[in-house]
Amino acid sequence: MSTRINVLKTYKIYINGQFPRTESGRTYEIKNPKGEVAANVCLSSRKDFRDAEVAARTAFGGWSTRAAFNRGQILYRIAEMLEGRKLQFVEELMLHGSKKLQAENEVELAIDRLIYYSGWCDKYQQIFSSVNPVASSHFNFSALEPMGVVSIIAPQQNALIGLVSLMAPVIAGGNTCVILASETKPLSAVTFAEVLNSSDLPGGVVNILTGKVSELLPHFSNHMDVNAVCFAEDNANDIKLIQENAALNVKRTAFYKNKNWMSEEAQSPYFINDFQEVKTTWHPIENIGGSKSGY
Amino acid sequence: MFDIIPDFTATPKIDQVGVEERASRFTKRSLKGETKLNGLMLALNMIDLTTLEGKDTEGKVKQLCYKAMHLLDAYPGLPTVAAICVYPSMVGIAKKALGDSGIKVASVATAFPSGQSTLKVKKEDTRFAIAQGADEIDMVISRGKFHQGEYNFVYDEIAAIKELCGEVRLKVILETGELGSLDNVRRASDIAMYAGADFIKTSTGKIQPAATMPVTLVMLEAIRDFYYKTGKKIAMKPAGGISKAKLALHYLVMLNEVLGEDWMNNEWFRFGASSLANDILMQLMKQKTGLYQSGDYFSND
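Just so it is clear, the model here is predicted, and its values are computed rather than measured. (Residues numbered from 1 in each chain as written. Chains lettered and ligands numbered in written order. Predicted model: local features only at pLDDT ≥ 70, side-chain atom pairs only at ≥ 80, totals over all residues.)

### Some details on the overall build of chain A
Basically, it comes down to this: Elements are defined by DSSP. Helices are runs of H or I of four residues or more, strands are runs of E of two residues or more, and each kind is numbered from the N terminus. The quantity called the radius of gyration is restricted to C-alpha atoms. Its globule counterpart is 2.2 Å times the number of residues to the power 0.38. Labels follow a simple rule on C-beta atoms placed from the backbone: if 20 or more others lie within 10 Å of a residue's own, it is buried; if 12 or fewer, it is exposed; otherwise it is partly exposed. Once C-beta atoms have been placed from the backbone, residue pairs whose C-beta atoms lie within 7 Å are recorded as contacts.
Along chain A, the regular secondary structure elements total 10 helices and 10 strands. Radius of gyration (C-alpha) of chain A: 21 Å, near the 19 Å computed for a compact globule of 295 residues. Counting only C-alpha atoms and orienting by the principal axes, one finds that chain A spans roughly 100 × 40 × 30 Å. Counting the 295 residues in chain A, one finds 43% classified as buried. Considering only intrachain contacts with a sequence separation of at least 6, the fraction spanning at least 24 residues in chain A is 77%.

### Some points on the overall build of chain B
Broken down by element type, chain B carries 11 helices and eight strands. Computed over its C-alpha atoms, the radius of gyration of chain B comes to 19 Å, within 12% of the 19 Å expected for a compact globule of 301 residues. By the burial criterion, 47% of the 301 residues in chain B qualify as buried. In chain B, the share of contacts with a sequence separation of at least 24, taken over all contacts with a separation of at least 6, comes to 75%.

### Some words on the nonpolar core
The criterion, for reference: When buried Ala, Val, Leu, Ile, Met, Phe, Trp, Tyr and Cys residues are joined through C-beta atoms within 7 Å, the set is termed a nonpolar core.
Membership of the largest hydrophobic core comes to 94 residues, with the highest contact counts inside it found for Ile84, Ala94, Val172 and Ala192 of chain B. Counting 82 residues, the second largest nonpolar core, distinct from the first, contains Phe49, Ala154, Ile171 and Ala193 of chain A.

### Describing the sheet that holds strand E2 (residues 83-86) of chain B
Residue and element names in this part refer to chain B. Note the threshold: By the convention used here, strands pair only if DSSP detects at least 2 bridges between them. For helices, the axis comes from a line fit to the C-alpha atoms of the stretch in contact; other axes are also lines fit to C-alpha atoms, and the angle between any two N-to-C directions lies between 0 and 180 degrees.
Strand order in the open sheet formed by eight strands is E7-E6-E5-E4-E3-E2-E1-E8, with parallel pairing between adjacent strands. Of all the strands in the sheet, just strand E7 (235-237) and strand E8 (271-273) have a single pairing partner and so form its edges. For this sheet the average axis-to-axis angle between neighbouring strands, irrespective of direction, equals 25°. In terms of strand pairing, strand E1 (residues 47-50) meets E2 through three bridges, oriented parallel. Among the inter-strand pairings, Leu49 is bridged to a residue of E2, identified as Ile84. Its contacts with the sheet place helix H4 (residues 91-98) against E2 and strand E3 (104-109), and it is angled at close to 175° to E3.

### Section: the packing of helix H6 (residues 159-172) of chain A against helix H7 (residues 187-197) of chain A
Residue and element names in this part refer to chain A. Which entries qualify depends on this criterion: Here is the rule for angles: anything less than 35 degrees is roughly parallel, anything more than 145 is roughly antiparallel, 65 through 115 is roughly perpendicular, and the remaining ranges are oblique. Put simply, a crossing is left-handed when the front helix is turned counterclockwise from the back one by less than a right angle, and right-handed when it is turned clockwise. In this classification, Asp, Glu, Lys and Arg are treated as charged, Ala, Val, Leu, Ile, Met, Phe, Trp, Tyr, Cys and Pro as nonpolar, and every other residue, Gly included, as polar.
Their axes nearest at 8 Å, the elements H6 and H7 cross at an angle of 50°. On the basis of their axis angle, the class for H6 and H7 is oblique. The hand of the H6/H7 crossing is right-handed. Contact residues: H6 offers Ala159, Leu160 and Leu163, while H7 offers Ser188, Ala189 and Phe192. Its residues assigned to classes, the contact of H6 with H7 shows five nonpolar, one polar and no charged.

### Some details on the interface of chain B and chain A
Taken together, the five residues of chain B in the interface contact six residues of chain A. For the side of chain B that touches chain A, the residue count by class is three nonpolar, two polar and no charged.

### Considerations on helix H8 (residues 182-195) of chain B
Residue and element names in this part refer to chain B. Just so we agree on the cut-off: Expected helix span is computed as 1.5 Å times (number of residues minus one).
In a regular helix each residue adds 1.5 Å, so 14 residues correspond to 20 Å; H8 covers 20 Å between its end C-alpha atoms and thus fits that length. Burial runs high along H8: 12 of the 14 residues are buried. Turning to H8, its buried residues are Leu182, Val185, Arg186, Arg187, Ala188, Ser189, Asp190, Ile191, Ala192, Met193, Tyr194 and Ala195. Looking at the buried positions of H8, the neighbouring elements they touch are helix H1 (16-26), helix H6 (143-147), helix H7 (151-165), strand E5 (169-173), strand E6 (199-201) and helix H9 (213-230). After H8 finishes, the residue Gly196 shows a positive phi value of roughly 120°.

### Examining the environment of Ala172 of chain A
All names here are of chain A. When you line up the elements, Ala172 lands in helix H6. Taking the C-alpha atoms as reference points, Ala172 and Phe69, separated by 103 residues in sequence, lie 10.0 Å from one another. In contact with Ala172, other than residues within four places in its own chain, are Arg71, Leu75, Tyr117, Trp120, Cys121 and Ile272.

### A look at the pairing of strand E9 (residues 252-255) of chain A
Bridging between strand E8 (residues 228-231) of chain A and E9 of chain A involves four bridges; their strand directions are parallel. Directly across from Val229 of chain A, in E9 of chain A, lies its bridge partner Thr253 of chain A.

### Quick notes on the environment of Phe89 of chain A
Residues and elements named next belong to chain A. Along the polypeptide, Phe89 turns up in helix H3 (residues 86-95). By the C-beta count within 10 Å, which is 23 here, Phe89 ends up buried. Separated by 177 residues in sequence, Phe89 and Ala266 place their C-alpha atoms 21 Å apart. Setting aside its immediate chain neighbours within four residues, Phe89 contacts Val107, Leu160, Ser188 and Thr191.

### Topic: unusual backbone geometry
In this structure, Pro113 of chain B follows Phe112 of chain B across a cis peptide bond, with omega equal to 0°. Here the bond from Gln208 of chain B into Pro209 of chain B is cis, since omega is -5°, no more than 30 degrees from zero. Tracing the backbone shows Pro209 of chain B in the loop between E6 and H9. Look at Val250 of chain A: it is not a glycine, yet its phi comes out positive at around 50°. Non-glycine residue Ala111 of chain B carries a positive phi angle of around 55°. Inspection of the secondary structure puts Ala111 of chain B in the loop between E3 and helix H5 (119-131).

Nothing here speaks to function; it is all geometry.
Printed below as a string of structure tokens:
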């Protein structure tokens, strides 16, 4: 029998392309289905969120002005990296209680979903933009622009596919985000951060924290420098809190109640559209429809 | 002016490792609650709100003056900044815009930022700024001559400008980013103070690195030694690169522990900065509302 002691991974948080521990120094335990301690993860604090938000805001300028095609390439790259580490994700999901087949299914679906949104990066603009008929001498058109920094509270169940399904459309549309991973199943989120970190995604575009929803939800929703909040649980009190806090500076909100993230209906360009502002431009023109040649 | 002018080739040598270590220890103090609030207010009151760009327009300067007088109307009881810092051509406009608000107008002069001109031109530059109504003059030293070892030249230049200034307070910019070593920073500080500077100032803001804590510490210690020797108080102005409220508080801690309470006001200490004011305002609003703030809701200039 081998006497080697296994080297266990420290599950840390992901801020600005780096893996710090929470500034609070707190942790909580994650147990496997047998009730044994599987890992310690960071119990993130208000200040971790503040730091992550600053990172996301700083990264926004560069990410939102990148060519849409390039954003697509980077999302594709994330999928490639995830494919290469499939086994690790399957193991971690099984630690959280998934059956092997379920876990494999979920990881493969997560990869496919990234590919799906990778393709949409340079296409959603054409679908949702419009040229508008107006009654004056104006060329009038509406185009989409990303909102900015988005707070995402990932679904508690289907920890990996839920997180990917919310994150991908947000960043595909040029936003940056701070994500709170599933409270009870955070391991795959931290490993997913490692995938992001090795896939050309600029630091700060996606930041991932682990911790308690009840503690962090107020901060995720009341920070004045956050532009939108995305929440995927059906909890009336939490939704009310988010709505009240969002009203402070008129943040956008997106609530996805009871979505089955494993289903086809959990992916669509409308998820991208949920985090876009519409800018309409009135451009003066000289001629209107009825004008004739001058000679 | 002073009985004995020391030999500037023999100024004290600086222990760089020690200075850096000491400077980093000032950043470990924790300021909370009321102390933090008072510190932020004080820092705000010490700012020389600055715009020194080729693209400065009359409108930009007027807007900055308005900002200086109305930092954040939504927060009653705020102090104003100490001064506006502009190029000589903008002094008249700033002076008029600020009216009787009590905010001073500081003007850079002497072929700012390089200082590469003749004494005649530099004097003319200074005369013009004073005639326009500047309350303070920010001059640059001749770094080239300094590196050639012509300390007397540097000294004479500062003394000549001081003579022109009279009652107008003179800030001498050492441009520490071009001096190369802390030994040189100490030497330049001594030259400036003996030649008649009212303030010594780290940087023009045009060269990186600008103000750093170790450099400022060396200059504060030079001021302290000068005070013990001559009994004359000299003011300090770090400028450039101080854009966060937290960093400003670290500077105040350093000021308090090196020079003491007598220097803890805007007559004896200034921050040369443009974006610091907004960060302090955001921190103050955070203290008041409990919510982290966004730059979106604060005026840009």
